[in-house]
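# Working through the structure, step by step
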Amino acid sequence: MRFFVFALMSAVLVPNAARAQEPDWTAAEQETITHLQAMIRMNTSNPPGNELPVARYLDSTLKAEGIETHLFEPAPGRAAFVARLAGNGSKQPVILMAHMDVVGVEHDKWTVDPFAAIIRDGYLYGRGAIDDKGMLSANLETMLLLKRNVIDRGQTLSRDVIFVANSDEEAGGDWGMGWLIKNHPELVKAEFALNEGGRTRIVQGKPLYLAVQNTEKVSHVVDVVATGAGGHASVPLADNAIFRLGRALAKIGEHREPLNVKPTTREFFLELSKVWPERSQRQAMADVASTAPARQQRGARVLASIPVFDAVLRNGISAVIISGGIRSNVIPVEAKATLNIRTLPGASLDSTIARLKTLVNDPKIAFNIVERGDDAPASDFRSPMFTAIADATRAVDPAMVVVPYLSTGATDSARLRMLGMQAYGILPFPMDQNDEDRMHGNDERVPLASLAFGTKVIYGAIRRVAQ
Ligand SMILES: [Zn+2]
């Protein structure tokens, strides 16, 4: 009787989520490592990619647990893979996505075999350990755990959880998410998507923050073309196109676009200012996050010394290619520089070009737009998905802050946001700058403790948002 009363009370008092049993994390961590090792050992360097063996591995692993799967071969050796855990339909689905391809390696610069998935001193080494097979494995483990710990225990998910593994992310994405959206849109329809693209940063030895990318800069390509009189190089001309281009580039190089603190960036610096270890930078972050223009400017001046922080505060202009001239004794009639301009979301490329034209103030300098990027709306950083990521992170490490993040790089998530999905980019493995820099570099590795941390965050976030 006493037992009965106690059981009844527990049922009433303990909320649904808490009643769900926590997974056996020791076993889950080992299983995640095993899957990551298996997938690193399948060389999916792109080009050529050859992701099909990884997709088959995912297919058989998930099928063996009774999970619905869809494997497509959009081109020989390439694969698009989708798996689904059905919810009760009361909420719209959530997508967990990662890519199967990796960038190539410079074999002789590695101290280990990049495709052997060796474990050494608490790290798992291998191409893709961070980008993006680490997250692929954590996503896979999340699916397995949700099946075993939720569905097989007779509980329900409030929304479908869709697992997507893409090909060709590192080389344009022709066989990846774009292919799925075009050919099987019904399989990838969702309210939320969790993708790569954020950061989890260890600063001065301590896991400090998890940055969730909810918006991104837009990349454009613009040619600056100078024209002038041509002729024999033996007779110097004041109208020389190369000198003209040089004068224009000198002005553009000195130019700084106006400060523009987006809502995501304000929140990013506001939260970081509470925990950032260095005092003057901490103050600068608080200044930028304030609403007083003079304080914002003061803070931005201090943060300008950190290029990645400066880049989220204004549009950025990088000169990337220069060309002109045909031979050493001829003054050419044209010289050209290519600029990569990254505008903040919602900012106008045309306004930037207008500012540059005024600045250069030369009718013989033309600005030609070669490629105009697509601007996508920001995903809401107060949505249930964002909150779920934040709660899941704090459940693993209460000291960490979770901040929204405007990435300077462009990702697949923009494509999803344009379709009306709320997409979020994470890289949930705590890393210091050194380990993070190995991404696309040599001796790429993930700390095993960070892999475990990230798996818990992803599982916890999906468990919460699909509750
Ligand atoms: Zn990637």
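Residues numbered from 1 in each chain as written. Predicted model: local features only at pLDDT ≥ 70, side-chain atom pairs only at ≥ 80, totals over all residues.

Before going further, it helps to spend a moment on the sheet that holds strand β14 (residues 334–343). Pairing within the open sheet is antiparallel, and its four strands lie in the order β12-β14-β10-β15. With partners counted over all chains shown, the strands left at the sheet margins are β12 (316–324) and β15 (365–371), one partner each. For this sheet the average axis-to-axis angle between neighbouring strands, irrespective of direction, equals 25°. Looking at chain direction, β12 and β14 are connected through eight bridges and run antiparallel. Across the sheet, G324 pairs through a bridge with A335, a residue of β14. On top of the sheet, helix α7 (residues 241–254) reaches β10 (218–227), β12, β14 and β15; it is set at about 140° to β10, its chief contact. (Pairing = 2+ DSSP bridges. Helix = DSSP H or I, 4+ residues; strand = E, 2+ residues; numbered from the N terminus. Axes fitted to C-alpha atoms, helices over the stretch in contact; angles between N-to-C directions. Contact = placed C-beta atoms within 7 Å.)

Here we come to the pairing of β14. Summarising the sheet, β10 and β14 pair through ten bridges and their orientation is antiparallel. Each residue of the ladder has a partner; that of V224, found in β14, is A337.

The terminal C-alpha atoms of helix α13 (residues 384–396), which comprises 13 residues, lie 18 Å apart, in line with the 18 Å expected from a rise of 1.5 Å per residue. Within the span of α13, buried status applies to M385, F386, A388, I389, A390, A392 and T393. Along its buried surface, α13 packs onto β3 (94–99), β7 (192–195), β9 (206–216), β16 (401–407), β17 (422–425) and α16 (448–465). (Expected span 1.5 Å × (residues − 1). Buried ≥ 20, exposed ≤ 12 C-beta atoms within 10 Å, placed from the backbone.)

Packed helix pairs are characterised by how far apart their axes lie and by the angle those axes make with each other. Contact geometry of helix α8 (residues 263–272) with helix α9 (residues 279–289) gives a least axis separation of 8 Å together with a crossing angle of 145°. Seen from above, α8 lies across α9 with left-handed handedness. Contact residues: α8 offers R266, F269, L270 and L272, while α9 offers M285, V288 and A289. Its residues placed into classes, the contact of α8 with α9 shows six nonpolar, no polar and one charged. (Left-handed = near helix turned anticlockwise from the far one by under 90°. Nonpolar A, V, L, I, M, F, W, Y, C, P; charged D, E, K, R; others polar.)

Moving on, we come to the domain arrangement of the protein. One frequently used descriptor of interface size is the decrease in accessible area upon assembly of the parts. When cut into domains, the protein gives domain 1 (20–196 + 427–465) and domain 2 (258–310). The centre of domain 1, based on its C-alpha atoms, is set 34 Å off from the matching centre of domain 2. (Domains from an automatic or database assignment.)

The next thing to look at is the sheet that holds strand β5 (residues 123–125). Taking strand neighbours across the sheet as the criterion, the three strands line up as β4-β5-β18 in an open arrangement whose pairing is antiparallel. The open sheet has two edge strands, β4 (119–120) and β18 (445–447), and neither has a second partner. Bridge count for β4 against β5 is two bridges, and the pairing is antiparallel. Within the sheet, the bridge partner assigned to I119 lies in β5 and is L124. Against the sheet, α16 makes contact with β5 and β18, and its axis sits at roughly 75° relative to β18, the strand it touches most.

All right, on to the environment of P53 then. As for its position among the elements, P53 is in helix α4 (residues 52–63). Overall, the presence of 17 C-beta atoms within 10 Å leaves P53 in the partly exposed class. Sequence separation between P53 and A79 is 26 residues, and the spatial gap between their C-alpha atoms is 8.6 Å.

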